[in-house]
Amino acid sequence: MTEPEITSAKRTIAKLPLAAAVVALAGLADAVYLTAHHYNAEPVPCGAAFDCEMVLTSPFATLGGIINWFAAGTIAPGTAIGEIPLAAFGAAAYFVAFALATLTAFGDQRMWKLFGAQVVLMAAFSGWLIYVQAALIGAFCQFCLISAAITGTLFTIFVISLFIKPKTT
Amino acid sequence: MNNTKNVAEKKSNTPILIIGVVLVVALLAGWYLLSSPKTATNTNGNTAKANAANTTKPNTIPANAPQGANPPNQQGSPTALVTLEEFADFQCPQCGAVHPIMNEIKSTYGSRIRFIFRNYPLAIPAHDKSYNAAVACEAAGMQSPNKFFEMQNLLFTNQKAWTADPNYRTTWKDYAQKIGLDVAKWENDMAGIAAKSRVDEDMRRAKGMGINSTPTLYINGVDVPFQQMNVTGLKALIDAELAKAAPQNQTAPAAPANTGNTNK
């Protein structure tokens, strides 16, 4: 803003973190909703093509369940941390993504690299969760797919930002 | 002095302010959603499990639930004071993980419990061999009730080996030979209606009870959370049930440490 000769490419870059922040907000809303659902145990509205309860009450819906899955056969008793729903971690991740994107949008470019690193991890984990729904649970929940789509969008925004170089003279 | 406030400093505070506001809004939204539970209807018609978790009241078997295959596939003593009823799918990885735990429980408690295994092959593409696996066990059980569990044991123990094997039928045939079945009769029974109808009966019971995931386990009719499906957790529940059922006669059923040697 202080430089009068800002290029159009620079403006695009500034818009991408802003877009990412808005998208991350949608992810945050989705994850907060699913977290609240987990704790108040209310069934979520579910489309006919989905089986939300099957996904959201599966062992893969909690951190402990996933740890148990990787440590097959050594199922530990339920612990406070093991009971934390995955959606809560999703909410935290979207909040951090939102914060990093917002800080970038306001000029702190270092945050964009952190955002990128985080979004790559989130996209990989989202991909695995889609595999879990398709192959291991055999059912999908639309709120989980929305979350995956949001993470995919954040990842795409980051990738696009890598290809748009500012025209520095 | 306010007029001299640095513009750059003002700018740097704006994102923090926005982030803070979003955090507060997210927390408030979460709190609001948590504190105002609606009586939403589930399109799947299964609110029992969810509501049970809400009130920490255990989910119990409905009185009008279909009875399932009769007689059920069972081990232990039919007159035991504690009944475990497991609903499982042969291609469900968690069921495979819980299987050795169940074996340990069965060998620890022997005739002090009644263990019922119910087939609940989930009708999902990833579990394409699940229904047939259940039928294979039922066909084995038609030669001798114990053969059901011998086949069930082999199928769960080798779950990963056959689940991705296109020639799984040949593998199962090897299992049938290994446990001493009349293989020709077993193959014939697998193709017949009797074995399938037993699987269907179990599935009808599972669906009637609103079960939507496997493994699902009931101890004396009370749903056991998956997190508690471990040796320690199950022993605690079984011991409590044993103590409840016979408080006078069996004073210390909760300490199986000394009884373990007598089982084999």
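Structure's up top.
Overview of the structure. If you're wondering where the values come from, they're calculated on a predicted model, not measured in any experiment.

Here we look at the packing of helix α4 (residues 86–105) of chain A against helix α5 (residues 110–137) of chain A
Residue and element names in this part refer to chain A. Direction vectors running N to C along α4 and α5 enclose 150°, while the axes themselves pass 8 Å from each other. Put simply, α4 runs roughly antiparallel to α5. Seen from above, α4 lies across α5 with left-handed handedness. From α4, Ala 93, Val 96, Ala 97, Leu 100, Ala 101, Leu 103 and Thr 104 reach across to α5, where they touch Met 111, Trp 112, Leu 114, Phe 115, Gln 118, Val 119 and Met 122. Looking at the contact of α4 with α5 residue by residue, the classes come out as 12 nonpolar, 2 polar and no charged.

Regarding the sheet that holds strand β4 (residues 216–219) of chain B
All names here are of chain B. What the 5 strands build is an open sheet, ordered β1-β3-β2-β4-β5; its pairing is mixed. With one partner strand each, in any of the chains shown, β1 (73–76) and β5 (222–224) form the two edges of the open sheet. For this sheet, the mean inter-axis angle between neighbouring strands, taken without regard to orientation, is 25°. Pairing analysis gives 7 bridges linking strand β2 (residues 82–88) to strand β3 (residues 113–119), with the strands arranged parallel. Each bridged residue has a counterpart across the sheet, and for Leu 84 the counterpart in β3 is Phe 115. The sheet strands contacting helix α9 (residues 193–208) are β2 and β3, and the helix crosses β3 at an angle near 100°.

Some details on the environment of Ala49(A)
Tracing the chain through its elements places Ala49(A) in the loop between α1 (8–40) and α2 (52–56). The spatial distance from the C-alpha of Ala49(A) to the C-alpha of Phe140(A) is 8.1 Å, given a sequence separation of 91 residues.

The rules behind these values
- Every chain begins its residue count from 1, and numbering advances along the sequence as written.
- Here every chain gets a letter starting at A, and every ligand a number starting at 1, in the order they are written.
- Only residues with pLDDT of at least 70 get local features here, since the model is predicted, and only at 80 or more are side-chain atom pairs given and counted; chain-wide, interface and lining totals rely on the full set of residues.
- Structural elements are reduced to axes, namely lines fitted to C-alpha atoms, with helices fitted over the stretch in contact, and the angle between N-to-C directions of any two is expressed from 0 to 180 degrees.
- Counting from the N terminus, the helices are the DSSP runs of H or I reaching at least four residues and the strands are the DSSP runs of E reaching at least two.
- Orientation categories follow fixed angle ranges, with anything under 35 degrees roughly parallel, anything over 145 roughly antiparallel, 65 to 115 roughly perpendicular, and all other angles oblique.
- Helix crossings get a hand from a simple test, with the near helix turned counterclockwise from the far one by less than a right angle marking a left-handed crossing and a clockwise turn marking a right-handed one.
- We call two residues in contact when the distance between their C-beta atoms, placed using the backbone, is within 7 Å.
- In this count, Pro and Cys sit with the nonpolar residues alongside Ala, Val, Leu, Ile, Met, Phe, Trp and Tyr, while Asp, Glu, Lys and Arg are called charged and the others, Gly among them, polar.
- Pairing between strands is defined by DSSP: at least two bridges between the two strands are required.

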